[in-house]
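# Reading the structure
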Amino acid sequence: MTTTHPIALPSGPLATPDPYGVHAWADGHFVVDSHGRFCLQPGPLGTPPVPLQDVLDAATKQGASLPCVIRVPGVLTERSGRLQRAFDRALEDHAPTAAYIPLYPVKVNPSRRVVETLLQTQDRFGLEVGTKAEMALALLQASDHPIHISVNGTKDASYLAMAAEAQALGCHPTVILESQQDISLVRDTADSQILPLGVRLKPHTQASGRWADSGGPAAHFGFDLASLLRTTPTLAESALLSRVQVLHMHAGSQITSLQSLKALAQEAAEAYVALRQAGWPLTTVNFGGGLAVDYDAQAGASDTSCDYDVTAYARTLVGTLADVCAVSGQPVPDVQTESGRYLTAHHALVVADATRNPDDRPANGDTQAPEGWTVHLSLFQSMPDAWALGMLFPVLPLDGIHDPMDHRPALLTDTTCDSDGRIKRYVTGYGPMAGMPMPVTPDGRRRLAFCLTGAYQEVLANAHNLFGRPTEVSVQTDHGRVNVTIDRPVQSVASILNNFGYDVKEAHDDPVTPYAQPTARKP
């Protein structure tokens, strides 16, 4: 189901900072207007913002229901451009002969609209894959885009055959060797004999943040530098060494500290130089993921923030690499990164209705204790990291942001069983708090936006209590007009049950009030 409804662009001055700290975490993609409305920036910076409620009104006219995912492809384009410009400037200053190739890790959000939008943003864009299904996704794009593909690990001979097929279609796959088993499989598999290779360095440096164990003593994937140097004769004897072009290192997602990034860049650069001096024909360093998103505007003081921006990130990696190469006399290699979280987090948000719990009375007469609200969605389906990891996602109402705030902040709980789906900490303009600032709401009903959900949340979503996939809506600009399109309707009950092995057919096609009837059981 794909229908489009245009809406008019608003005009008028924007507002000053608000209780939800939008200016701090929005990174230019969201604003609060002078009427206290939460607005999207659907195109490049400078595009007039659009009230999110207007987007929902247009989607509702097409049959959309809540909760729903709002996707803004223009944000993907804008962030891809920022990333490319940051590295282009850094390379121009430090290594003008080197090139930058951004790679998108498919695991972050494999949605077709996301992948195809990113691949269309620039000619040098590529994908990072690590499973057969992800490789199949890359092959689907290969006929339209002669893309770079970083193939992590070897899995088995059929996986290598898929990489060879991508190469035959004009793509540029590189198989990253992560273990001795990978080396043996590539050596013994005919389909891999013409594929470029890379090796994964296991970082000794442990980065900052929740995923720090991807580096340091607990790191699981890759070789340490000493092991790589010891494999030099084996690779040379197997005629593999001459095909090794990429040094890959991944120290974890959401690295919060620029100092950590500099230490990792130093380690990668020194390993690159050591391997080049040992005869390895490396041409590229892939720094992997780690470029963080500032979810809570705490400047690196929490696992959901960071103390740097994309410009500082690029300059730190490229500058450190260039300095080490200058001392050693080695050429500065091309640079790759896998910055999926940075590219996708801001492009999507979830909208749902919430109602105040009428029987919630403050304990011990505490009139400022958080007040219970029920939000009509599944946290497990829409923001699983909020439940599993306690991650902070900005939450705010669609309007009334300049209104007086209720003296009792809101404590949001979803509609799944056992009250597991509860948000316990909230992003505000005053730092994380145990309750969400809520405008005075006489009728006890508010429509809320849950922001920065574009990375990992959709692919990690689960069907606890058989909550299905919500409606998906996209917002795009076209010659000064904003178009709202339903990309996918809400998942039907029949579809949900069929995912769990039932044989159910649709009783009718109404996507707003889905209904299913079991078919007769086969004897």
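Nothing here was measured: the structure is a model prediction, and the numbers come from that model.

## What about empty space enclosed by the protein?
- According to the stated counting rule, one finds four cavities of 30 Å³ or more in the structure shown.
- In this structure, the largest cavity spans a volume of roughly 70 Å³.
- Lining the largest cavity, in full, are Met249, Ala251, Ile255, Leu261, Leu264, Ala265, Phe287, Gly289, Tyr313 and Leu317.
- If one sorts the elements of the lining of the largest cavity by residue count, helix H10 (residues 258–277) sits on top with three residues.
- Split by residue class, the lining of the largest cavity holds nine nonpolar, one polar and no charged.

## Re unusual backbone geometry
- The omega torsion of the bond from Leu66 to Pro67 falls at 0°, within 30 degrees of zero and hence cis.
- Secondary-structure assignment places Pro67 in the loop between helix H2 (52–61) and strand E5 (68–71).
- A positive phi angle is found at Lys155, which is not glycine, with a value near 60°.
- Note on placement: Lys155 falls in the loop between strand E8 (148–152) and helix H6 (157–168).
- By relative accessible area, Lys155 is classed as partly exposed at 45%.
- One non-glycine residue, Asn465, lies in the positive phi region at around 65°.
- Note that Asn465 resides in the loop between helix H15 (457–460) and strand E19 (471–478).

## Comments concerning the environment of His145
- Looking at the secondary structure, you find His145 in the loop between helix H5 (132–142) and E8.
- Given a relative accessible area of 16%, His145 falls into the buried group.
- Sequence separation between His145 and Thr337 is 192 residues, and the spatial gap between their C-alpha atoms is 19 Å.

Scoring rules and cut-offs
- Residues numbered from 1 in each chain as written.
- Predicted model: local features only at pLDDT ≥ 70, side-chain atom pairs only at ≥ 80, totals over all residues.
- Heavy atoms only, no water.
- 1 Å grid on protein atoms, 1.4 Å probe; cavity = no way out; pocket = protein on both sides within 12 Å on 5 of 7 lines; lining within 4 Å.
- Points joined across faces, edges and corners; volume = space filled by probe spheres on them.
- Helix = DSSP H or I, 4+ residues; strand = E, 2+ residues; numbered from the N terminus.
- Nonpolar A, V, L, I, M, F, W, Y, C, P; charged D, E, K, R; others polar.
- Buried < 20%, exposed > 50% of the residue type's maximum accessible area, 1.4 Å probe, protein only.

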